[in-house]
Amino acid sequence: MATTRLDRTLVARTALRLLNEVGLEGLTLRAIAAELGVKAPALYWHFKDKRALLDEMATEMFRRMAADLPAVSAPDWRDGLTAAMRGLRGHLLGYRDGAKVYSGTHFTDIGYAATMDAHLRGLTESGFTPRTAARAWFTAYSYTIGYVIEEQSGTEGIDLAARAERLAAYPLAAGAGEEIIGNHEAGFESGLAAVVAGIALTVHTSPT
């Protein structure tokens, strides 16, 4: 076996590269060890389990995307928030099962804080309170991650015509297929516009 000098960042970067080949289900500590040319137990010095590895992978993903996420700034917070969510989606789509890896994880350092603080400051300078700024950001952020999870769930191979035929007795459900899975780009943009408009009407105007 190769005498690779391991550290957490090297393992996470190797895991992200392998993720694109095998997907989340196929990503095992054994497979990553083989890619690194070491024995699997060597990885347990750095990660107690796969969950801990996913946390480090998500942290590395954020490091890569942080510089590219457009800042939210006053007075056009809507444009900034929309652009930031587009950037988040674009980065998640750059990895097979990227949103599933990223979702529900815990960052392993505080490197995310400066970026998050800058976005929240842009919102507060646009009239949000600290509390409503956090709610606005998290609402758009959650929508984006959830959308990409669905987008990456294998819907590309669905035959919409065959689906509509199977659901012929349920015309509204049948017709919904085109809107829900027929065009992910348009669907994301439409949903994001609705989320941002909703934030403007409810969260932004909230007194607390």
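Basis of the calculations
- Residues numbered from 1 in each chain as written.
- Predicted model: local features only at pLDDT ≥ 70, side-chain atom pairs only at ≥ 80, totals over all residues.
- Heavy atoms only, no water.
- Helix = DSSP H or I, 4+ residues; strand = E, 2+ residues; numbered from the N terminus.
- Buried < 20%, exposed > 50% of the residue type's maximum accessible area, 1.4 Å probe, protein only.
- Contact = heavy atoms within 4.5 Å.
- Salt bridge = Lys/Arg side-chain N within 4 Å of Asp/Glu carboxyl O.
- Expected span 1.5 Å × (residues − 1).
- Arc of directions from axis to C-beta.
- Polar contact = N/O pair within 3.5 Å; in protein donor to acceptor, adjacent residues only side chain to side chain.
- Core = buried A, V, L, I, M, F, W, Y, C linked by side-chain atoms within 4.5 Å.
- UniProt positions renumbered as here; feature names shortened; annotations may be inferred.
- Axes fitted to C-alpha atoms, helices over the stretch in contact; angles between N-to-C directions.
- Left-handed = near helix turned anticlockwise from the far one by under 90°.
- Nonpolar A, V, L, I, M, F, W, Y, C, P; charged D, E, K, R; others polar.
- Parallel < 35°, antiparallel > 145°, perpendicular 65-115°, else oblique.

The name that an unreviewed UniProt entry assigns to the protein chain is TetR family transcriptional regulator, with the source organism given as Streptomyces scopuliridis RB72.

(A) Spatial organisation of the overall build of the protein chain. From N to C terminus, the protein chain includes 10 helices and 0 strands. Seen through its C-alpha atoms, the protein chain measures out along the principal axes to roughly 60 × 50 × 25 Å. Taken across its 208 residues, the protein chain has 42% of its residues classed as buried. If you take every contact in the protein chain between residues at least 6 apart in sequence, the share linking residues at least 24 apart comes to 75%.

(B) Examining the pattern of salt bridges more closely. Inspection of every chain in the model, using the stated rule, returns 11 salt bridges. The salt bridge partner of Arg 63 is Glu 60, with a shortest N-O separation of 2.8 Å. Of this pair, Arg 63 and Glu 60 both sit in helix α3 (residues 50-66), separated by 3 residues, roughly a single helical turn. A residue is classified by how much of its surface remains accessible, and Glu 60, at 3% relative accessible area, is buried. A network of salt bridges, in which partner residues are shared, links Arg 8, Arg 13, Glu 56, Glu 60, Arg 63, Arg 64 and Asp 109.

(C) Quick peek at helix α6 (residues 112-124). Given a rise of 1.5 Å per residue, 13 residues ought to cover 18 Å, and the 18 Å separating the end C-alpha atoms of α6 matches this to within 8%. Three or more residues of α6 are buried, namely Thr 115, His 119, Leu 120, Gly 122 and Leu 123. End-on view of α6: buried residues confined to an arc of 155 degrees, all on one side of the axis. Contacts from the buried residues of α6 go to α3, α4 (77-92) and α7 (130-151).

(D) Quick look at helix α1 (residues 8-26). With 19 residues, α1 extends just 20 Å between its outermost C-alpha atoms, more than 12% less than the 27 Å of an ideal straight helix rising 1.5 Å per residue. Here α1 has its buried residues at Val 11, Ala 12, Thr 14, Ala 15, Leu 16, Leu 18, Leu 19, Gly 23 and Leu 24. On its buried face, α1 is in contact with α2 (29-36), α3 and α5 (98-102). The distance from a side-chain oxygen at the start of α1 to the backbone nitrogen of Thr 9 is 3.1 Å, and the residue carrying that oxygen is Asp 7.

(E) Highlighting the nonpolar core. Met 57, Met 85 and Tyr 102 are the most contacted members of the largest nonpolar core, which totals 57 residues. Those elements that provide at least two residues to this core are α1, α2, α3, α4, α5, α6, α7 and α10 (184-203). Among residues more than four places away in sequence, those in contact with Tyr 102 are Ala 58, Met 61, Phe 62, Met 65, Leu 88, Leu 92, Phe 107, Tyr 141 and Ile 145.

(F) Local environment of the UniProt feature "DNA-binding region" (unreviewed entry) in the protein chain. Look at the UniProt record and you will see "DNA-binding region" (unreviewed entry) annotated at residues 28-47. Counting secondary structure, residues 28-47 comes out at 40% helix and 0% strand; the distance between its end C-alpha atoms is 12 Å.

(G) Seen up close, the environment of Leu 29. Residue position: Leu 29 is located in helix α2. Placed 11 residues apart in sequence, Leu 29 and Ala 40 show a C-alpha to C-alpha distance of 6.2 Å. Once residues lying within four places of it in the same chain are set aside, the contact partners of Leu 29 are Leu 43, Tyr 44, Asp 49, Lys 50 and Leu 53.

(H) Structural view of the packing of α4 against α10. One way to put it is that α4 packs onto α10 with a least axis distance of 11 Å and a crossing angle of 145 degrees. Remark: the crossing between α4 and α10 carries right-handed chirality. The segment α4 lies against α10, with Trp 77, Arg 78, Leu 81, Thr 82, Met 85, Arg 86 and Arg 89 engaging His 184, Glu 185, Phe 188, Glu 189, Leu 192, Val 196, Ile 199 and Ala 200. Considered class by class, the residues forming the contact of α4 with α10 number 8 nonpolar, 2 polar and 5 charged.

(I) Structural context of the packing of α6 against α7. Relative to each other, α6 and α7 sit at 120 degrees, their axes nearing to 9 Å. Classed by the angle they form, the pair α6 and α7 counts as oblique. Two packed elements cross with a definite hand, and for α6 against α7 that hand is right-handed. The residues of α7 that touch α6, namely those facing His 119, Leu 120, Leu 123 and Thr 124, are Pro 130, Ala 133, Ala 134, Ala 136 and Trp 137. Residue composition of the contact of α6 with α7, by class: 7 nonpolar, 2 polar and no charged.

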